[in-house]
Amino acid sequence: MTGHRGRHFLQIPGPSPVPERVLRAMDMQVIDHRGPDFAKLGREIFEGCRTIFKTAAPVIVFPSSGTGAWEAAIVNTLSPGDKVLMVETGHFATLWRQMAARWGVEVDFIPGDWRHGVDPAAIEAKLAEDRAHGIKAVMVVHNETSTGVLSRVAEIRRAIDRANHPALLLVDTISSLGSADYRHDEWGVDVTVSCSQKGLMLPPGLGFNAISDKALAASRENRLPRSYWDWAEMLKPNANGFFPYTPATTLLYGLREAIVMLLEEGLDAVFERHQRLAAATRAAVRGWGLEVLCQEPSEYSPVLTAVLMPPGHDADRFRKIVLETYDMSLGAGLSKLAGKVFRIGHLGECNGLTLMAALTGVEMGLSVAGVPHRAGGISAAMAVLDGRDDSNATPLLKAAAG
Ligand SMILES: *Cc1c(COP(=O)(O)O)cnc(C)c1O
């Protein structure tokens, strides 16, 4: 399309828009990645990552997409034929499962309806049955980006502990880190997988593994082959701020700035802002008379909201109309949900007015596309943002408001 002025509205749940400050921070000459200036940058970003992941343990940074970081978590901890427990929360859990299967790992995939998160009781029951401790890992997606459902990782940890089972806990926080409360150490996670282009507000290109001592011990004995993804190869030079191969220096400049921004705002304030934007979005959806895909209020995603289209209306046609008419990108329904939902991202570089503009674009798009809906979504969202209505708020947001 030609003829659009002003900025494009990138309201997909990742990649999310990169803040001006991060863009400026990346506008730098590359430097010698074996020199003293790089070592300083390296040490700063490793320390900053520990703060964001809430861990005292090392965080490994790969030049990769999130998918690469998924693979790193698998190949460093598991062996061919190992059993793992996973849960079908949606598209991303399904893809991670496929990857594990390709590596010769045997996956027990607990079925799901793509409208709920991981049920900790189901994990507990499976582990309690596994008296021989054949299950080597529980692998879950924290924020299922395809559905807008956030699983309760702390409760999953407690379920594993109640079953008194030694399985590792591997968590995909690719779309939640930096947007939703997350605590690697406190929640006893063994490998936290993440990447740069969602809550961290960076361009794509960095993948992360935060690892526990138990995961590190597993990596010394497991038998899946790896080279590029090998943690041990990374950890040696990382200790002095360096990498074993040429790092993505420019992205690391951006990462350093993004971490400064998150800490300036304060992580709790960042999480609360996301909760508020999500609550306003749900209010708008209900105001339009449409339905939020997530069915469990304690699992509403602060990162994105997936919206069901009324029967007989194609979400992709609607998204195309919104893009062409208002220059806004909304997230597509993925695999099973193709054409049935659209997703509104409200993560990262997003504030109340950004969200209101996006929601206005959705409402106008519904009219242009001839999708049946009510007026009133916009004013309902405004009432949440200005504090008149807290009925859409999650318990966390209510607590924060006092
Ligand atoms: C985006 C996403 C991925 C895939 O990340 P890529 O960087 O595209 O490889 C995996 N899991 C979740 C939950 C995601 O949101």
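A short tour of the structure in this document, coming up. (Residues numbered from 1 in each chain as written. Predicted model: local features only at pLDDT ≥ 70, side-chain atom pairs only at ≥ 80, totals over all residues. Heavy atoms only, no water.)

As a further point, take the site of the ligand. As a structural note, the neighbourhood of the ligand is formed by 14 residues, with G66, T67, T145, D172 and K198 the closest of them. Note that a nitrogen atom of the ligand is positioned 2.8 Å from one of the side-chain N or O atoms of D172. Within the side chain of Q197, one N or O atom sits 2.8 Å away from an oxygen atom of the ligand. Relative to its free-state accessible area of 380 Å², the ligand is covered by the protein chains to the extent of 87%. Ranked by residue count, the leading element in the shell around the ligand is helix α3 (residues 66-77), at three residues. Taken together, the residues of the shell around the ligand sort by class into five nonpolar, seven polar and two charged. (Near = heavy atom within 4 Å. Polar contact = N/O pair within 3.5 Å; in protein donor to acceptor, adjacent residues only side chain to side chain. Areas by Shrake-Rupley, 256 points an atom, 1.4 Å probe, with all protein chains shown as cover. Helix = DSSP H or I, 4+ residues; strand = E, 2+ residues; numbered from the N terminus. Nonpolar A, V, L, I, M, F, W, Y, C, P; charged D, E, K, R; others polar.)

Glancing now at the sheet that holds strand β3 (residues 83-87). The sheet built from seven strands is open, its strands ordered β2-β10-β9-β8-β5-β3-β4 with mixed pairing. Here the strands that pair on one side only, and so sit at the sheet edges, are β2 (59-63) and β4 (106-110). Averaged over all neighbouring strand pairs, the angle between strand axes comes to 20°, with direction disregarded. Across five bridges, β2 lies against strand β10 (residues 206-211) in antiparallel orientation. If you follow P63 over to β10, its bridge partner there is L206. Against the sheet, helix α2 (residues 36-53) engages β2, β9 (191-195) and β10, with an angle of about 115° to β2. (Pairing = 2+ DSSP bridges. Axes fitted to C-alpha atoms, helices over the stretch in contact; angles between N-to-C directions. Contact = heavy atoms within 4.5 Å.)

Our focus in this paragraph is the packing of aromatic side chains. Each pair of aromatic rings is reported with the distance of its centres and the angle of its planes. For the structure shown, the criterion picks out 10 aromatic pairs. Above the face of the F9 ring, R7 is positioned so that its terminal group lies 4.1 Å from the ring centre. (Phe/Tyr/Trp six-rings, centres within 6.5 Å; stacked < 30°, edge-to-face > 60°. Lys NZ or Arg CZ within 6 Å of the ring centre and 35° of its normal.)

The next thing to look at is the nonpolar core. W96, M139 and L255 are the most contacted members of the largest nonpolar core, which has 85 residues in total. Examining the composition of this core, we find that eight residues originate from one element, helix α9 (residues 249-265), more than from any other. In this structure, A280, L330, F342 and L366 belong to the second largest nonpolar core, which totals 35 residues. (Core = buried A, V, L, I, M, F, W, Y, C linked by side-chain atoms within 4.5 Å. Buried < 20%, exposed > 50% of the residue type's maximum accessible area, 1.4 Å probe, protein only.)

On to the packing of helix α5 (residues 120-129) against helix α6 (residues 153-162), then. Packing of α5 against α6 leaves a shortest axis separation of 8 Å and a crossing angle of 25°. Between α5 and α6, the angle falls in the class roughly parallel. Judged by the sense of rotation from one axis to the other, the crossing of α5 with α6 is right-handed. Across the interface between the two elements, P120, I123, E124 and L127 of α5 pack against E155, I156, A159, I160 and R162 of α6. Tallied by class, the residues present in the contact of α5 with α6 amount to six nonpolar, no polar and three charged. (Parallel < 35°, antiparallel > 145°, perpendicular 65-115°, else oblique. Left-handed = near helix turned anticlockwise from the far one by under 90°.)

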